[in-house]
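Summary of structural features
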Amino acid sequence: MNKTILIIKREFLTRVRKRTFIISTLLFPLLYLGLIFGMGYIGEKSKSILKIAVIDSSGLLDQGRVERANAADASSQLKLITDSANAVISNFSDRGYDGYLVLPAGATVENGLDKLTLHTSRTLGSAAEVQMKLGSILNEIKYEKLGIDEAKRKALSSQLTIKPQNVNDEKANSGVASTIGLVSGFLIYFILLIYGSQVMMGVMEEKTNRIAEVMVSSVKPFQLMLGKIVGIGLVAFTQFILWIAFIFIIYNATKATGGAEGSTINSMVGGVQEVFTSLNLPLLIGSFGFYFMGGFFFYSSLYAAIGSAVNEDMREAQSLSFPVTMLVIFAIMLMTVAIKDPTSPLAVWASIIPFTSPIVMMARIPFGVPGTVQIWELALSVAMLIIGFAFTTWFAGKIYRTGILMYGKKPSWKEMIKWAFRK
Amino acid sequence: MPILQINSLSKNFATQKAVNNISLSIDKGQIFGLLGPNGAGKTTLIRMITGIFYPDQGEILFDGKPFDPINDIAHIGYMPEERGLYKKMKIGEQALYLAQLKGLSKSDATSKIKEWFTRFDMESWWNKKVEDLSKGMSQKLQFVTTVLHNPKLIILDEPFSGLDPVNANLIRDEIYRLAKEGATIIFSTHRMEQVEEICDHIVLVNKGEKILDGTVNEVKQDFKENLFKVTFTNELLAEHLAIHLFEVKEKKNNSIVIQRNEGFTNNDVIQYFINKGLSIESFNEILPSLNQIFIKLVEGTPTARQFNN
C-alpha cells in the first residue's frame, strides 16, 4: 500500500508542479469570466438604434403617426420619406439609414401591404422589429376606420401569464435547477474527457519511455495503474477546489465593492444568493463529489486500459478510445433530454446505469431529492456506480497487466477482452 | 546454498510454450549466463523470477524459501531489455523514486544515490532531466537505479546493448565488483561471445527448453573436438604430416591446425613432431566458442541458420 502512495505522490506532484497546470488553473476562470463579460459587453455595444427609411408611395402614413410609434418604442426609428425617394434608395447608408422599405403606390390598409421587402445590411432581427412597428401603425389606422376607441381596444385585449410549477418538488425552481444541472453535468463531462485522456497519455508515457517493465519489477501492475488514476484524479480535484476558491473570492469581492444600485453586478450577486438559498447545497456538493470521483474512476480505468494496449502512436489510441469517448458524449446527449423531462423513464434509467449516471444523475439532482429523484433511484444509482467502477478497475487492471509489457501490433478490443479473462 | 533454485518451471502463452520445464540452480556470488537466441524464452523466465509473471507449473525457491514476489522483489534488481526512465523527471528524484519503490527509506536512498553518483562521476547530474542525458549516460543511470538497493540477485537483460566500449567496460567492472561483494548476477543475452569471459556458469535455452547447463569451461571441454593449433620455427613439409595420430584441418607455412585422433595423447603428438626434427614454438588447444557449441546443438533447425549468418 505504501508503494501505491508513493506512486500517487509522484503522479500528483509532477503534474501539479508543471507550468501548464498553474497556467491552466489561473487562466481558465479568467478566460471564462472574460468570455461572459466580453459577450455581455459586445451585446450591449452592438445594440445601436435601427434607422429605417419608409418610402411611402401610397400616402397611407403621416408624420404624426410615425413619430408617435417611434416615441412608444425607441429601439428603432422609422423615418417617413415622401420626396427624393430615388436618392434615398440609391444611397441610403450615406444618409444614415440602416435600410429602406417601399410602400407601393395604390396600397390600402386592407390590400397590397401583406408582402413588403426590407432592403438592409442588418438582416438579423431587423425585419421583425420593423414589421411590429409598422403593423402597430397600420392597426391604429384600421381601428380608427372601424371606430374602435381606446376603451374598446383595452376590452378586446387579454393579459395572460403562465408560470410552470414543478409537481415533484414545490420548492424547486426549474429554471435554476436546470441551469445548475446543466453546469454540473457539463463539468463532469469535461473532467471525464480531459482527465480521462490524461490518464491514457500517462500510461502511454510509461510505455514509450520503456519504463513499464522497470516499474512492474518493483510494484504490482495494479498498484501502478491505481496510483496513476488516483494521482491524476487528485490533480483534477485540486484544480477544481482552486476554481471554487477563486469563484468564492471573486464573488465576495464583487459583493464588497457593491456598485451602483440596480447595476448588473448587484443584480447578479442577488441572483446568486437567491439560487444558493433555494438549493440543498450539502446534498448537491456531496453528490457532485461522489459522481465526480465515481465517474472519473469508472472511465479513467478504461482509458488506462487503452493506454496500456497501444504503442506510442496517438492515432491508435484515438481509434481505440473512440467507443469510450462516444459513451461520454452519449451521456451528455441524454443529459439534455433529462433536463427537459427529469422524471421520464429514459432520464431515470440513464441516471442509474453507470455508463451515463455520473452526468445524467448530476443533472437531475438539482430538481430535488426526494421529489424528482426518488431515494431508491439515488441509492441504486450510487450502488451501481460503485459496482461499475469496481468492475472497470478490475477489468482494466487485467488488460493493463498484459498490455503494459506488449510492444508491436495494436490489439483489438476483442483481444483485450481475452487478456482480461486470462489467468 | 543456491540463492535461486528453479524446479520444472513452465509458462504457456496462448499458442506456444514460452518456457517448458526448465530447472536450474544458481549459487550465491555467481555470475550466471542465461543464453539463447531471441525468442528462446529468456525474458519470460526472468519475468517469472522477478514476479511479473506467475508460472503455470513448477516452483521457484529464492534464498531457500518459496519465492514470494511481494517481499522478495526488494532483494532483486532487474534491468529489463526494454528499459527506460521517466524523461521529464530530474535524475536525482528519479533515482530516489525507484529506490523508495524498492523499499528504501528516503534518507537511506539519498545517501546510497550520492555514493553511486560519486563512483560514476555523476554528482553534478542531480538536477538534470533524463531527457537531457545522452544514451550512454542514461544507461549508467539505469544501472545505478537497478543496483541501488543492494539486491542479493541482480538480473541484467542485454546490459551492454547500446553501450559504447568505455561504458560497457565500466559496467563490466561494476558487475565483477558486485559479485565479489556477494551479489549474484544473472546475465541474459543472445550475444554469446559477451559472456564467455564474464560468466562462471551458463545455461543455454532454445525454444523454451534448457539445452545446456554447466560452467563455461565444462561446456567447452564437453564440446571440444580435440583441435590444436601448432606453430613451428622451421618450415613444415608434406612428409611430416602423413601420420595416423591426427588429421590436418588447416595448413600454413609454419603452422597447422590438427584434430587429434582417438586413443592418442597430446604427448604422443608432440613426441612425434620432435622425432621429426621440427621445433615447436607453441602448442594450443582450440576450444569451441559458445556460439559454435550452440549452433552444433541446434543444427538443422531454423535457429542455427539464423546464427550461422
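Quantities reported herein were computed from a predicted structural model and do not represent experimental measurements.

1. Some remarks on the confidence of the model for chain A
Reading predicted coordinates in detail is not appropriate for stretches of low pLDDT. Counting all residues, the mean pLDDT for chain A is 82, and 89% of those residues have values of 70 or more. Per-element mean pLDDT across chain A ranges from 64 in helix α10 (residues 264-278) of chain A up to 91 in helix α1 (residues 2-16) of chain A.

2. Quick notes on the side chain of A:S381
Residue and element names in this part refer to chain A. Inspection of the secondary structure puts S381 in helix α15 (residues 375-403). Residue S381 is classed as buried on the basis of its relative accessible area, which comes to 0%. In contact with S381, not counting residues within four places along its chain, are Y291, S351, I352, S357 and M361.

3. Comments concerning the pairing of strand β7 (residues 153-157) of chain B
Note on strand geometry: in a regular strand, side chains alternate between the two faces of the sheet. All names here are of chain B. Counting buried positions along β7 yields 5 of 5 residues, so the element is predominantly enclosed. Of the two faces of β7, the one carrying L153, I155 and D157 and the one carrying I154 and L156 are both buried. Note that strand β6 (residues 76-79) and β7 share 4 bridges and pair parallel. Opposite I76, over in β7, you have L153 as the bridge partner. This β-α-β element, β7 to helix α6 (residues 165-180) to strand β8 (residues 184-189), shows right-handed connectivity.

4. Concerning the pattern of salt bridges
One pass over the full model with this rule turns up 24 salt bridges over all chains. Between A:E140 and A:R65 there is a salt bridge whose closest N-O contact spans 3.3 Å. Note that A:E140 is positioned in helix α5 (residues 126-146) and A:R65 in helix α3 (residues 63-72), a separation of 75 residues in sequence. The exposure class of A:R65 is buried, given its relative accessible area of 13%. Across the salt bridge formed by B:R177 and B:E181, the nearest N and O atoms sit 2.6 Å from each other.

5. Describing the packing of helix α12 (residues 314-340) of chain A against helix α14 (residues 357-364) of chain A
Residue and element names in this part refer to chain A. Running from N to C, α12 and α14 point in directions that differ by 20°, and their axes come no closer than 8 Å. In terms of orientation, α12 and α14 fall into the roughly parallel class. Helix-helix and strand crossings are classified by hand; for α12 and α14 the assignment is right-handed. Along the contact surface, α12 presents V328, A331, I332, L334, M335, A338 and I339, while α14 presents I359, V360, A363 and R364. Per-class residue counts for the contact of α12 with α14 are 10 nonpolar, no polar and 1 charged.

6. As for the interface of chain A and chain B
Taken residue by residue, the interface counts 22 residues in chain A and 23 residues in chain B. If you look at where chain A meets chain B, you find 3 salt bridges. With a closest N to O distance of 2.4 Å, B:E82 and A:R210 form a salt bridge. Linking chain A with chain B are 8 residue pairs in polar contact (both at pLDDT 80 or more), by the criterion used here. Secondary-structure elements contributing two or more residues to the side of chain A that touches chain B are α1, α7 (174-208) and α8 (212-216) of chain A. Ranked by residue count, the leading element in the side of chain A that touches chain B is α1(A), at 6 residues. Across the side of chain A that touches chain B, the residue classes break down as 9 nonpolar, 4 polar and 9 charged.

7. Focus: a nonpolar patch on the surface
All names here are of chain A. Taken together, W349, I353, F355, W376, L380 and M384 make up a surface patch of nonpolar side chains, about 570 Å² in accessible area. Broken down by element, the residue count for the nonpolar patch peaks at 3 residues, all from α15. Along the chain, the position of W349 falls in helix α13 (residues 345-350). For W349, a relative accessible area of 46% translates into the label partly exposed.

8. Focus on the domain arrangement of chain A
The parts lose accessible area when they come together, and the size of an interface is often stated as this lost area. According to the domain assignment, chain A contains domain 1 (50-156) and domain 2 (169-420). If you average the C-alpha positions of domain 1 of chain A and of domain 2 of chain A, the two centres end up 55 Å apart.

9. Here's the deal with the domain arrangement of chain B
Domain parsing of chain B yields domain 1 (2-218) and domain 2 (225-286). Each of domain 1 of chain B and domain 2 of chain B has a C-alpha centre, and these two points are 45 Å apart.

10. What to know about the environment of A:V216
Mapped onto the secondary structure, A:V216 falls in helix α8. Non-local contacts of A:V216, meaning those with residues more than four positions away in its chain, are made with A:P221, A:L224, A:L405 and B:I52.

11. Some points on the environment of A:L116
Residue and element names in this part refer to chain A. Looking at where L116 falls in the secondary structure, it is placed in the loop between β3 (99-103) and β4 (118-120). Classification of L116 by relative accessible area gives partly exposed; the value is 31%. Residues L116 and E206, spaced 90 residues apart in sequence, show a C-alpha to C-alpha distance of 69 Å. Setting aside residues up to four positions removed in sequence, L116 forms contacts with L101, V102, L103, P104 and L134.

12. Concerning helix α8 (residues 216-223) of chain B
Residues separated by three or four positions in an α-helix point in the same direction, a consequence of the helix having 3.6 residues per turn. Residues and elements named next belong to chain B. Along α8, the residues classified as buried are V216, V219 and K220. Down the axis of α8, the buried set is contained in an arc of 95°. They therefore lie on one face. Residues of α8 that are buried make contact with β9 (201-206), β10 (209-215) and α10 (290-297).

Rules and cut-offs
- Residues numbered from 1 in each chain as written.
- Chains lettered and ligands numbered in written order.
- Predicted model: local features only at pLDDT ≥ 70, side-chain atom pairs only at ≥ 80, totals over all residues.
- Heavy atoms only, no water.
- pLDDT = per-residue confidence, 0-100.
- Helix = DSSP H or I, 4+ residues; strand = E, 2+ residues; numbered from the N terminus.
- Buried < 20%, exposed > 50% of the residue type's maximum accessible area, 1.4 Å probe, protein only.
- Contact = heavy atoms within 4.5 Å.
- Pairing = 2+ DSSP bridges.
- Right-handed = clockwise from strand over helix to strand, strands pointing away.
- Salt bridge = Lys/Arg side-chain N within 4 Å of Asp/Glu carboxyl O.
- Axes fitted to C-alpha atoms, helices over the stretch in contact; angles between N-to-C directions.
- Parallel < 35°, antiparallel > 145°, perpendicular 65-115°, else oblique.
- Left-handed = near helix turned anticlockwise from the far one by under 90°.
- Nonpolar A, V, L, I, M, F, W, Y, C, P; charged D, E, K, R; others polar.
- Polar contact = N/O pair within 3.5 Å; in protein donor to acceptor, adjacent residues only side chain to side chain.
- Patch = residues over 30% accessible without salt bridge, like charges linked within 9 Å, V, L, I, M, F, W, Y side chains within 5 Å.
- Areas by Shrake-Rupley, 256 points an atom, 1.4 Å probe, with all protein chains shown as cover.
- Domains from an automatic or database assignment.
- Arc of directions from axis to C-beta.

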